[in-house]
Amino acid sequence: METKKIKIKYFTDKIEKLTYIDGKSDWIDLRAAESVDMKAGEFKLIPLGVAMELPEGYEAHVVPRSSTFKNFGIIQTNHQGIIDSSYCGDNDQWFMPAYALRDTHIDSNDRICQFRIMENQPKLEFDQVETLGHEDRGGIGSTGKH
C-alpha cells in the first residue's frame, strides 16, 4: 500500500504527536488539546490541537473512540465528522463537537476520538428506472420485518 504524506500543524505542545501504529489499527487517535469541564446537557467544541493538509482526493472521518462514552460520558454530536481536503488553512484546527450526558472532566492529552482518511467518493450519476429488476426482500433490514 502506498504511503501518503500529510502536513500537520500542532497548536499546542501539551498533546502527544500523532502516530500511526502499523499492524494494530489504521485509525489514529486524536487528543483533547486543553482540559475541559462539562456539565450534563452541555455542548462544547473540544479543540484537538491539530490542522492538516490532507492529500488531494481524500477526506478524514472522525469518530469517538470506543471508550470515550464510558470514560468521559460524552457523545460526538454529529456522530461522524467529515473533514475534506479544502479545510487546510493555518488556523483550521480540528475540533470534536461533544455533548455531555453527565458532569465530566477531560484532561489535556486525553484520547477522545480517532480518525482515518478515505478516498473521496467517485462522481455518481443517478439513472431513474421504473423497476430495479430484483425480487423484493420483503421488509426492512435483514429480518424482513417491519
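Refer to the structure presented above.
Asker: Looking at this structure, how should I read the overall build of the chain?
Answerer: Regarding its fold elements, the chain presents one helix and eleven strands. N-terminal to C-terminal, the α/β element order of the chain is β-β-β-β-β-β-α-β-β-β-β-β. In terms of C-alpha radius of gyration, the chain reaches 19 Å, well past the compact-globule figure of 15 Å for 146 residues. If one aligns the C-alpha atoms of the chain with their principal axes, the spans along those axes are about 60 × 40 × 30 Å. The buried share of the chain, reckoned over its 146 residues, is 32%. Put simply, 74% of the contacts in the chain that link residues at least 6 apart link residues at least 24 apart. Of the roughly 10400 Å² of accessible surface on the chain, 48% is carried by carbon and sulfur atoms.

Asker: Would you mind showing me how to read the pattern of salt bridges here?
Answerer: Should the charged atoms of two oppositely charged side chains come close, the side chains can pair. Under the counting rule described, the total for this entry stands at five salt bridges. Linking Glu16 and Arg31 is a salt bridge whose minimum nitrogen-to-oxygen distance equals 3.3 Å. Residue Glu16 is found in the loop between β1 (7-10) and β2 (28-31), and its partner Arg31 is found in strand β2; the two are separated by 15 residues along the sequence. Under the relative-accessibility criterion, Glu16 is labelled partly exposed at 44%. Look at Arg31 and you get buried, because its relative accessible area is 15%. In this structure, the salt-bridge partner of Asp29 is Arg65, at a minimum N-O distance of 3.1 Å. With a gap of 36 residues between them, Asp29 in strand β2 and Arg65 in the loop between β6 (58-64) and α1 (68-72) connect regions that are remote in the sequence. Taken together, the shared-partner salt bridges connect Asp29, Arg65 and Arg111 into one network.

Asker: How should the sheet that holds strand β4 (residues 43-47) be read in this particular structure?
Answerer: Sheet strands pair by backbone hydrogen bonding; their relative direction is either parallel or antiparallel. The antiparallel open sheet is built from three strands, whose spatial order is β4-β9-β7. Two strands in the sheet have a free side with no partner beyond their single neighbour: β4 and β7 (74-76). If you compare each strand with its neighbour and ignore which way they point, the axes differ by 40° on average. Where β7 meets strand β9 (residues 95-100), three bridges bridge the pair, whose relative direction is antiparallel.

Asker: Explain a nonpolar patch on the surface here, please?
Answerer: On the surface, a cluster of nonpolar side chains totalling about 720 Å² of accessible area is made up of Phe43, Leu45, Phe69, Ile75, Tyr87, Phe95, Tyr99 and Leu101. By secondary structure assignment, the location of Phe69 is in helix α1. The exposure class assigned to Phe69 is partly exposed, which follows from its relative accessible area of 41%.

Parameters at a glance
In this numbering scheme, every chain counts its residues from 1 along its sequence in written order. Whole-chain, interface and lining totals are the exception, using all residues; otherwise, since this is a predicted model, local features are given only for residues with pLDDT of at least 70 and side-chain atom pairs are given and counted only at 80 or more. By convention in this description, side-chain values take in all heavy atoms of the structure and omit both hydrogens and water. Secondary structure follows DSSP: runs of H or I at least 4 residues long count as helices, runs of E at least 2 residues long count as strands, and numbering of each begins at the N terminus. For the radius of gyration, the atoms used are the C-alpha atoms, and the globule rule reads 2.2 Å times the number of residues raised to 0.38. When a residue's accessible area, from a 1.4 Å probe over protein chains only, is under 20% of the maximum for its type it is buried; when over 50% it is exposed; and in between it is partly exposed. Working rule for contacts: check all heavy atoms of both residues, and any pair within 4.5 Å makes them a contact. Note on areas: Shrake-Rupley with a 1.4 Å probe; residue coverage comes only from the protein chains shown. Salt bridges are defined as contacts in which a side-chain nitrogen from Lys or Arg sits within 4 Å of a carboxyl oxygen from Asp or Glu. Strands are treated as partners if at least two bridges between them are detected by DSSP. Each axis is a line fitted through C-alpha atoms, and for a helix only the stretch in contact is used; angles between axes span 0 to 180 degrees, taken between their N-to-C directions. Candidate patch residues must exceed 30% relative accessible area and have no salt bridge, after which like charges are joined if within 9 Å and Val, Leu, Ile, Met, Phe, Trp or Tyr side chains if within 5 Å.

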